[in-house]
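Read off the chains here:
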Amino acid sequence: MTRVLVIGAGPAGLAAAVAARDRGAEVVLVDASDAEGGQFWRHLPAQRAGRRESRLHHGWSRFTALRERLRADPGCEILLETGVWAIEPGERPVVHVLRGPADGGSRSRRALTADAVVIATGAYDRTLPFPGWQLPGVYSGGAAQALAKGERVAVGRRVVVAGAGPFLLPVAASLSGVGAEVAGVFEASGSRALAAGWLPRPWELTRVPGKAAELAGYAVGQLRRRIPYRVGWGVIEALGAARVEAITVARLDDDWWPRPGTERTLEVDAVCVSHGFTPRLELALAAGCALGADRFVAVDAAQATSVPGVYAAGELTGIGGADAALSEGAIAGHCAAGGHPDDRAVRRAVSARRTASRFAARLERAHAVHSGWTSWLSDDTIVCRCEEVTAGMLREVRAATPDAGLRSLRLTTRAGLGPCQGRMCGRAVEEVLGTSEASMDRRPIALPVRVGELADRETDET
Amino acid sequence: MTPRMLPGDIDPAEPAIPPTVAVQVDGCRVEGLQGQTLAGMLLAAGRDSWRRTRRGHDRGVFCGIGVCFDCLVTVNGVPDVRACQRRAHDGDIVELQGGDE
């Protein structure tokens, strides 16, 4: 029997597992978290399960249906609290996992093999650096969202949401939902970029009812709560001695340069900032998967990557939201189990994917990061949060060694060498240094492993 | 005291109210709910920073989903545990990390 290993139990991974089971494969589904759902369906822990948790989510019944289906299925083994720390490419890829509570000292090591692997590791917020972004009280949009949905915690009393993209709206809605006052949402993309992305071919939007209704719901919620929504504005500084006390917002031009004289100070105790998403590429890169020019994992019509037997789905292959992830996951799971994208079983998923990919193209046109953001940085602005490397240090080393490669620049400045391994700052460092020949995406060890755990014997399974 | 938790009795999601748990954070008792992460528990207790960087600056949660490693704490003697990813267990001894480590 074909054995399919699915990495990540968010929308794409859940859909992949179900589709692979439907095609008759034996499935192993692993996720680092202790609950299925990924970031999109991040929810309260079992001990605090909400009787009306569906009120906090879109597509909640879809999630619970996928989850219950897999939990009840003896042909699907669900391994939660299971982090993949390495992947070895080969005829039968070997996936090395650690099982146990996050970062614990006594997790058990296991090696999993399968005929095919579906990588559905998702994405995380990309927050562009700005002066003061290292202060407590500055959060990524995803943090505010995860803490609201998974903990029912509001990160502040009076909060501003800023950055770029439609994700800012659910972040604001979640914050309101846990009792924070949202003092404003500041979208960096100007009305021209938004019009270019969203206005052409409006009929296409009618074909994404899920997404359009989701966004319309947020917009109505915003109006009802009278949250100011400004386009062409950005947070360019967070102010405060030990934590955020205020922020500076400014009007941005089309390239995201602040317009002089438009700066305004707002008193807030938290600010949530997200300028888009970065795919979690570690495992796909370790497996040898090629990336596209957009630096997402390149896949064909079957969601197959450049590596035989390795498939990818969801935000890893492009930011399209949960609807895209569900359809891509279904196609990936089906094809990983030996199916073909032309099969009847995935006809609906293929059509949904086509619609969703147009939606993703609109997102990119409307909300793409523009290069003027680096003008927000002063010399003492921290770019690499872990190693506290400033923009000034990066620029100085760049100027002193103009011919040095990215690797050499990293070793000199220590940018990207801290605990997060450049996950937070990587692309910002590349842009500040102006390097185009190399990237900071490669991290062969995808998860910190303790030496004692490495010394323990690994259990092999086939 | 700026972050806070929405009380369960007024939460439209109608969460179950689980038993409480207590952990020691640098010797001080902090109470929370079963199922909270250590970060969730500290934030609900009104605390938004708990790690100190090498240069002496305070950090708490930034990404909230286990990617940024800003929220690291020592739990029961094991250092560098992401507080946003680890559920609190009754009796956990949490030590804050900071300075030249």
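Refer to the structure printed above.
Please read all numbers here as calculations on a predicted model, not as lab measurements.

Student: Please explain the sheet that holds strand E5 (residues 94-99) of chain A as it appears in this structure.
Tutor: Strand-to-strand pairing in sheets goes through backbone hydrogen bonds, with the strands running parallel or antiparallel. Residues and elements named next belong to chain A. Taken in spatial order, the four strands line up as E4-E5-E6-E22 in an open sheet, and their pairing is mixed. Each end of this open sheet is capped by a strand with a single partner; those strands are strand E4 (82-88) and strand E22 (459-460). Where E4 lies against E5, six bridges are found, and the strand directions are antiparallel. Bridge pairing in E5 places Gly83 opposite Leu98.

Student: So what exactly am I meant to see when it comes to the pairing of strand E7 (residues 116-119) of chain A here?
Tutor: A regular strand places its side chains so that they alternate between the two faces of the sheet. All names here are of chain A. Side chains Ala116 and Val118 of E7 all project onto a buried face; the interleaved residues Val117 and Ile119 project onto the opposite face, where all are buried too. Here four bridges tie strand E1 (residues 3-7) to E7, and the two strands are oriented parallel to one another. Bridge assignment links Val6 to a residue of E7, and that residue is Val118. The pairing of E7 with strand E19 (residues 310-312) spans three bridges and is parallel. Bridged to Val117 within E19 is Val310.

Student: Explain the side chain of Ser140(A) to me, please; I cannot follow it from the model alone.
Tutor: Residues and elements named next belong to chain A. Residue position: Ser140 is located in strand E9 (residues 138-140). Accessibility expressed as a relative area gives 2% for Ser140, which makes it buried. Here the side chain of Ser140 touches Ala143 through a polar contact of 3.0 Å, landing on its backbone nitrogen.

Student: Got a minute to help me understand the packing of aromatic side chains in this structure?
Tutor: Here a ring pair, both rings aromatic, is described through the centre-centre distance and the interplanar angle of the planes. Residue and element names in this part refer to chain A. In this structure the tally under the stated criterion is six aromatic pairs over all chains. Relative to Phe63, the ring of Trp41 has its centre 5.2 Å away and its plane inclined at 25°; by these criteria the two rings are stacked. Taken together, the positions of Trp41 in the loop between strand E2 (26-30) and helix H2 (60-71) and Phe63 in helix H2 put the pair 22 residues apart, joining distant regions of the chain. For the pair Trp41 and Phe63, a shared accessibility class is recorded, and that class is buried. Taken together, a centroid distance of 6.2 Å and an interplanar angle of 55° make the contact between Phe186 and Trp233 tilted. Linking Phe186 in strand E12 (residues 181-187) with Trp233 in strand E14 (residues 233-239), this pair joins segments that are 47 residues apart in sequence. The pair formed by Phe186 and Trp233 is uniform in burial state, with each residue classed as buried. Taken together, Phe40, Trp41, Trp60 and Phe63 form an aromatic cluster joined through their ring pairs.

Student: Explanation requested: the pattern of salt bridges in the structure shown.
Tutor: Pairing is possible between side chains that carry opposite charge, provided their charged atoms lie close to one another. Residue and element names in this part refer to chain A. A full pass over the atoms with the stated rule returns 32 salt bridges over all chains. The salt bridge partner of Arg69 is Asp73, with a shortest N-O separation of 3.8 Å. Residue Arg69 is classed as partly exposed on the basis of its relative accessible area, which comes to 32%. The class of Asp73 is buried, set by a relative accessible area of 9%. Among the salt bridges present, the one from Arg110 reaches Glu77, with a minimum N-O distance of 3.8 Å. Of this pair, Arg110 sits in strand E6 (residues 108-113) while Glu77 sits in strand E3 (residues 76-79); the two residues are 33 residues apart in sequence, bridging distant segments of the chain. We classify Arg110 as buried; its relative accessible area is 14%. Because the salt bridges share partners, they merge into one network encompassing Arg21, Asp22, Arg69 and Asp73.

Student: Sorry if this is basic, but what is going on with the interface of chain A and chain B here?
Tutor: It is common to give the size of an interface as the accessible area that goes away when the parts come together. Every contact between the two is made by 60 residues of chain A and, on the other side, 48 residues of chain B. Between chain A and chain B, roughly 4,600 Å² of surface is buried when both sides are summed, and carbon and sulfur atoms account for 50% of that area. At the junction of chain A with chain B, the criterion picks out eight salt bridges. Measuring nitrogen to oxygen at the nearest pair gives 2.5 Å for the salt bridge that ties Asp70(B) to Arg385(A). Applying the counting rule to chain A against chain B returns 27 residue pairs in polar contact (both at pLDDT 80 or more). For the side of chain A that touches chain B, the elements supplying multiple residues, two or more each, are E9, helix H3 (141-151), strand E10 (153-154) and strand E21 (389-390) of chain A.

Student: For this particular structure, what's the right way to read the packing of helix H1 (residues 11-22) of chain A against H2(A)?
Tutor: Any two packed helices are characterised by the angle at which their axes cross and by the distance between the axes. All names here are of chain A. Their axes nearest at 10 Å, the elements H1 and H2 cross at an angle of 45°. The angle between H1 and H2 places the two elements in the oblique class. Here H1 runs over H2; the crossing is left-handed. Between H1, through Leu14, Ala17, Val18, Arg21 and Asp22, and H2, the contact on the second element is made entirely by Phe63, Leu66, Arg69 and Leu70. Class assignment of the residues belonging to the contact of H1 with H2 gives a composition of six nonpolar, no polar and three charged.

Student: Looking at this structure, I do not really get unusual backbone geometry. What am I missing?
Tutor: Comment: phi is negative for the bulk of residues other than glycine, and the bulk of peptide bonds are trans. Residues and elements named next belong to chain A. Even without being glycine, Glu388 reaches a positive phi, approximately 50°. Mapped onto the secondary structure, Glu388 falls in the loop between strand E20 (382-384) and E21. On the basis of relative accessible area, Glu388 is assigned to the buried category, the value being 3%. Phi at Gln421 takes a positive value of approximately 60°, unusual for a residue other than glycine.

Rules used throughout
Residues numbered from 1 in each chain as written. Chains lettered and ligands numbered in written order. Predicted model: local features only at pLDDT ≥ 70, side-chain atom pairs only at ≥ 80, totals over all residues. Heavy atoms only, no water. Pairing = 2+ DSSP bridges. Helix = DSSP H or I, 4+ residues; strand = E, 2+ residues; numbered from the N terminus. Buried < 20%, exposed > 50% of the residue type's maximum accessible area, 1.4 Å probe, protein only. Polar contact = N/O pair within 3.5 Å; in protein donor to acceptor, adjacent residues only side chain to side chain. Phe/Tyr/Trp six-rings, centres within 6.5 Å; stacked < 30°, edge-to-face > 60°. Salt bridge = Lys/Arg side-chain N within 4 Å of Asp/Glu carboxyl O. Contact = heavy atoms within 4.5 Å. Buried area = accessible area lost by both parts, 1.4 Å probe. Axes fitted to C-alpha atoms, helices over the stretch in contact; angles between N-to-C directions. Parallel < 35°, antiparallel > 145°, perpendicular 65-115°, else oblique. Left-handed = near helix turned anticlockwise from the far one by under 90°. Nonpolar A, V, L, I, M, F, W, Y, C, P; charged D, E, K, R; others polar.

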